[in-house]
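# Secondary and tertiary structure notes
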Amino acid sequence: MTLTLTVPPRADADRLTGLPVAVIGAGPVGLAAAAHLLEQGLPVVVYEAGDQVGTSVRAWGHTRLFSPWRYVIDDAARRLLEPTGWTEPRRSSLPTGHDLVAQYLDPLAQTPELAPVIRYGVRVDAVSRLGMDRTRSTGRADTPFLLRLHAANGVEDVTARAVVDTSGTYTSPNPLTAAGLAPAADLGDRIVHALPDVLGADRARFAGKRVLVVGAGHSAANTLIKLAALAKDEPGTALLWAIRNAGTARLGADAADGLAARGQLGSNVHGLVESGQVEQLASFEIDDVRPNGDQVAVTGRREPFTVTVDVVVNATGFRPDLDILREIRLGLDDIVEAPRALAPLIDPNLHSCGSVPPHGVAELAHPEPNFFIAGMKSYGRAPTFLLLTGYEQVRSIAAELAGDHQAARDVQLVLPETGVCTTDVGGSSSCGVPATNEAAEGSSCCVAPAPAAPPASSSCCTN
Ligand SMILES: Cc1cc2nc3c(=O)[nH]c(=O)nc-3n(C[C@H](O)[C@H](O)[C@H](O)COP(=O)(O)OP(=O)(O)OC[C@H]3O[C@@H](n4cnc5c(N)ncnc54)[C@H](O)[C@@H]3O)c2cc1C
């Protein structure tokens, strides 16, 4: 492995001049960030760990979004796409993840503006300041950021004037146990990441098997619905569903949900439990997961204390990977691991599905100047992120970095109306406790514009 050092000499009068803004991750929000930064006239480089844009979206690409097209396209991105002859998908139809990539992210990444600034196959392993760990303060704000990149051909250090971390959370699933720790034993492929392609590429892993799905959110519901379809064709397929809360599932089962596809998802999984196609294990807090021959034994705190299955789908939600930010001064909430000012706005434990105002640079700031976490990762462990929210975040950040502080603080968000605020499948009346795996995965928030932002609509959001 070689280490390349591409950093400016320390004697530069203005050490930030000419340096790009570094965006970590080329998902929907990372690309939107790049579009807004370029629109503001700022140089930008996007570092993407995968070989293509939307690597995480591709991983769950067989899954249909609950938001129609009109809620998943960023405005600055659209302004880049329109001159290329791009055809905007029908605004009312629901894309799958693969559609989102093929009809939006791929064309966006290929625009003449974005194509030259995206580097693929480059994982950001660490972020720091040039010659300064997190303990050094003098001149910190004027010192370039240092990013350590890991690529197939070696390790490279590069500098940036600002950093926007939009690396998502999809690659950091919550562990299965109630304690939040990974199972002590190595379980190999007996544990499967959320949202497997049950009816496609992963079919053989589930056909004729006894399967336990763990988690209370839409990822679990999605998987259970597909597993039930599989079970009709594959005799011997048995489905169990462990949730942490008590009660009967009612995930998004409200006809008034502004995102109708989400409401339908909840109704469908509820029906599977009622018809007996899915056996629900309520109040099943997992203490231990260990191999049992070719199977896996999962031990909970309520009867049946141990269930033995062939495969477990971990749909307990996601958490941010903060390891790469070890040398950055973060201001994160102790519970949800979102920026401190943002956490109370998205914390369903505090809000009980109340309104979350639109937010931007003011709520996303950290003690580290010119460093921001945006997109899915900005919500930390809260499962309530919506793409439109992320697009407004990066519009605000780009305006701030361009020096337009007024525009940065004039945050607006127009979201779909909804009559539903809760998707707590565990049966409790609130949105659950975000610090816990299942409650977090199964909860949902409502997002509404700030008083100044018209119109006064609101929306539920969850993943
Ligand atoms: C199944 C599912 C359905 C969803 N449906 C909706 C919906 O209908 N509506 C909605 O608004 N939201 C939805 N969401 C929520 C959310 O909008 C998506 O998760 C969205 O992909 C988040 O975008 P992002 O850009 O923040 O992160 P991601 O899409 O996760 O992108 C992060 C990118 O960063 C890259 N990366 C990660 N680590 C590094 C690193 N260290 N260095 C370099 N690159 C890195 C990854 O490869 C990835 O390409 C859904 C989520 C899921 C999982």
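Above this note sits the structure.
Here goes a summary of the coordinates provided. (Residues numbered from 1 in each chain as written. Predicted model: local features only at pLDDT ≥ 70, side-chain atom pairs only at ≥ 80, totals over all residues. Heavy atoms only, no water.)

### Things to note about the overall build of the protein
Helix and strand counts for the protein come out as 13 helices and 20 strands. In the protein, the share of contacts with a sequence separation of at least 24, taken over all contacts with a separation of at least 6, comes to 71%. When the accessible area of the protein is evaluated, it comes to approximately 18,200 Å², of which 50% is carbon and sulfur surface. (Helix = DSSP H or I, 4+ residues; strand = E, 2+ residues; numbered from the N terminus. Contact = heavy atoms within 4.5 Å. Areas by Shrake-Rupley, 256 points an atom, 1.4 Å probe, with all protein chains shown as cover.)

### Details of the nonpolar core
Core analysis: the biggest nonpolar cluster contains 87 residues, and Leu 31, Tyr 104, Ile 118, Phe 206 and Trp 241 have the highest contact counts within it. Formed jointly, this core draws a minimum of three residues from each of two domains, domain 1 (3-171 + 319-409) and domain 2 (188-314). With near-sequence residues (within four places) excluded, Phe 206 lies in contact with Val 192, Pro 196, Val 198, Val 211, Leu 227, Leu 230, Thr 237, Val 311 and Val 313. The next biggest cluster of nonpolar side chains, apart from the first, holds 21 residues, and it includes Ile 24, Val 124, Val 127 and Val 163. (Core = buried A, V, L, I, M, F, W, Y, C linked by side-chain atoms within 4.5 Å. Buried < 20%, exposed > 50% of the residue type's maximum accessible area, 1.4 Å probe, protein only. Domains from an automatic or database assignment.)

### A look at the sheet that holds strand 10 (residues 210-214)
Strand order in the open sheet formed by five strands is 9-16-10-11-12, and the pairing between neighbours is parallel. Each of the sheet's edge strands pairs with one partner strand only, and the pair in question is strand 9 (191-193) and strand 12 (279-281). Going from strand to strand, the sheet's axes swing by 25° on average, the running direction of each strand aside. The pairing of strand 11 (residues 238-242) with strand 12 spans three bridges and is parallel. Bridged to Trp 241 within strand 12 is Gln 280. Most of the contacts of helix 6 (residues 218-233) go to strand 11, to which it runs at about 165°, and overall it touches strand 10, strand 11 and strand 16 (311-314). (Pairing = 2+ DSSP bridges. Axes fitted to C-alpha atoms, helices over the stretch in contact; angles between N-to-C directions.)

### Here we look at helix 11 (residues 387-401)
Residue pairs three or four apart in sequence face the same way in an α-helix, which turns once every 3.6 residues. Taking 1.5 Å per residue as the helical rise, helix 11 with its 15 residues ought to reach 21 Å, and the 21 Å between its terminal C-alpha atoms agrees with that figure. For helix 11, the buried fraction is high: 14 of the 15 residues fall into the buried class. Of the residues one or two after helix 11, Gly 403 is the one with positive phi, at around 90°. (Expected span 1.5 Å × (residues − 1).)

### Considering the sheet that holds strand 8 (residues 162-165)
Taken in spatial order, the five strands of this open sheet run 4-3-2-8-18, and their pairing is parallel. Only two strands of the sheet have a single neighbouring strand rather than two, namely strand 4 (118-119) and strand 18 (371-373). Here strand 2 (residues 21-24) pairs with strand 3 (residues 44-47) via four bridges, running parallel. What sits directly across from Ala 22, in strand 3, is Val 45.

### Describing the site of the ligand
The full set close to the ligand counts 29 residues, and Glu 48, Phe 66, Ser 67, Met 376 and Leu 387 are the nearest of them. At a separation of 3.0 Å, a nitrogen atom of the ligand approaches a polar backbone atom of Ala 49. Here the ligand has 990 Å² of accessible area as a free molecule, and 96% of this is covered by the chains. Of all the elements in the fold, those that place two or more residues in the shell around the ligand are helix 1 (28-39), helix 2 (55-59) and strand 5 (122-129). Along the lines of polarity and charge, the residues of the shell around the ligand split into 16 nonpolar, 11 polar and two charged. (Near = heavy atom within 4 Å. Polar contact = N/O pair within 3.5 Å; in protein donor to acceptor, adjacent residues only side chain to side chain. Nonpolar A, V, L, I, M, F, W, Y, C, P; charged D, E, K, R; others polar.)

### Quick word on the side chain of Thr 223
Structurally, the position occupied by Thr 223 is in helix 6. From its side chain, Thr 223 meets the backbone oxygen of Ser 219 in a polar contact 3.0 Å long. Not counting the four nearest positions on each side in its chain, Thr 223 is found in contact with Leu 195, Pro 196, Val 198, Val 213 and Val 313.

### Remarks on the environment of Gly 168
Turning to its location among the elements, Gly 168 is positioned in the loop between strand 8 and strand 9. For Gly 168 and Ala 26, which are 142 residues apart along the polypeptide, the C-alpha to C-alpha distance reads 9.6 Å. Those residues in contact with Gly 168 that lie beyond four places of it in its chain are Met 376 and Lys 377.

### Some thoughts on the side chain of Arg 129
Mapped onto the elements, Arg 129 comes out in strand 5. A residue is classified by how much of its surface remains accessible, and Arg 129, at 1% relative accessible area, is buried. In this structure the side chain of Arg 129 is engaged in a polar contact, spanning 2.7 Å, whose partner is the backbone oxygen of Thr 143.

### Some remarks on the packing of aromatic side chains
Using the criterion set out here, one finds three aromatic pairs in the structure. Judged by centre distance (6.5 Å) and plane angle (45°), the ring pair of Phe 145 and Phe 371 falls under tilted. Here Phe 145, found in strand 6 (residues 145-151), pairs with Phe 371, found in strand 18; they are 226 residues apart in sequence, far enough to count as distant. Of the two residues examined, Phe 145 and Phe 371, each falls in the buried class. Between Tyr 379 and Phe 385, the ring centres sit 5.2 Å apart and the planes meet at 85°, which makes this aromatic pair edge-to-face. (Phe/Tyr/Trp six-rings, centres within 6.5 Å; stacked < 30°, edge-to-face > 60°.)

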